[in-house]
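# Survey of secondary and tertiary structure
These are the residues of each chain, in order.
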Amino acid sequence: MADKKLNTGVIQFLKFNAVGLLNTLIDFAVFTLLHSLGMINTPAQIISYSAGTANSFVWNKKVTFRDRNAGKGSDRLQLVKFIVLNLVVLGISVLLMHLLTDSFGLQVLIAKVLVTFVTVIINFFGSRMWVF
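What counts and how
Residues numbered from 1 in each chain as written. Predicted model: local features only at pLDDT ≥ 70, side-chain atom pairs only at ≥ 80, totals over all residues. Heavy atoms only, no water. Helix = DSSP H or I, 4+ residues; strand = E, 2+ residues; numbered from the N terminus. Rg over C-alpha atoms; globule rule 2.2 N^0.38 Å. Buried < 20%, exposed > 50% of the residue type's maximum accessible area, 1.4 Å probe, protein only. Contact = heavy atoms within 4.5 Å. Areas by Shrake-Rupley, 256 points an atom, 1.4 Å probe, with all protein chains shown as cover. Axes fitted to C-alpha atoms, helices over the stretch in contact; angles between N-to-C directions. Parallel < 35°, antiparallel > 145°, perpendicular 65-115°, else oblique. Left-handed = near helix turned anticlockwise from the far one by under 90°. Nonpolar A, V, L, I, M, F, W, Y, C, P; charged D, E, K, R; others polar. Core = buried A, V, L, I, M, F, W, Y, C linked by side-chain atoms within 4.5 Å.

For the rest of this paragraph, the subject is the overall build of the protein. Regarding its fold elements, the protein presents four helices and zero strands. When the helices and strands of the protein are listed from N to C terminus, the series reads α-α-α-α. Taking 14 Å as the expected radius of gyration for a compact globule of 132 residues, we find that the protein reaches 16 Å, a close match to that expectation. Principal axes of the C-alpha set define a box for the protein whose edges measure 50 × 30 × 20 Å. Counting over 132 residues, the protein shows a buried share of 36%. Residue pairs at least 24 apart in sequence account for 72% of intrachain contacts in the protein once pairs closer than 6 positions are excluded. Accessible area of the protein: about 7700 Å², with a carbon and sulfur share of 74%.

Written out as structure tokens, the structure reads:
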């Protein structure tokens, strides 16, 4: 039984990362476009993160965590939890982007990669343990 739960968790993590790759591509594409058009980092981060997040809810609900959805509350409750989790993660990402670029002088796209690594881990466990 423990092996089945471990396998399910590993499969969910792999699915989450596949969905996350698509989310990240959307996030990076939107961020890069906005940044190249002269938008400053914080609004560009908020807009790009939001685009990836909208994609994330749909795919994670339908693909990654679909087997866990039964008994987890209404779609509306899951959406509210998902939004709350992602607002927290967005706050962390904006803070980390600011620290890494302004305080530590990292190039913006390198900082974006580091921030993405941190937020993926937070988001997976928050999604798995609380949202779905």
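At their nearest, the axes of helix H3 (residues 75–103) and helix H4 (residues 108–131) sit 9 Å apart, and the two run at 155° to each other. The angle between H3 and H4 falls in the class roughly antiparallel. Every pair of crossing elements has a handedness; the one defined by H3 and H4 is right-handed. Class assignment for the residues of the contact of H3 with H4 results in 16 nonpolar, eight polar and two charged.

Another aspect to go through is the nonpolar core. Core analysis: the biggest nonpolar cluster contains 11 residues, these being Phe16, Tyr49, Phe57, Phe65, Phe82, Leu85, Val89, Leu90, Phe124, Val131 and Phe132. Listed by contribution, the elements that provide at least two residues to this core are helix H2 (41–64), H3 and H4. Here the element with the most residues in this core is H3; it accounts for four residues. Ignoring anything within four residues of it in the chain, the contact list for Tyr49 reads Asp27, Asn86, Val89, Leu90, Ser93 and Asn123. Ala44, Leu100, Val108 and Ala111 belong to the second largest nonpolar core, which has eight residues in total.

Interpretation in functional terms is not warranted from these geometric data alone.
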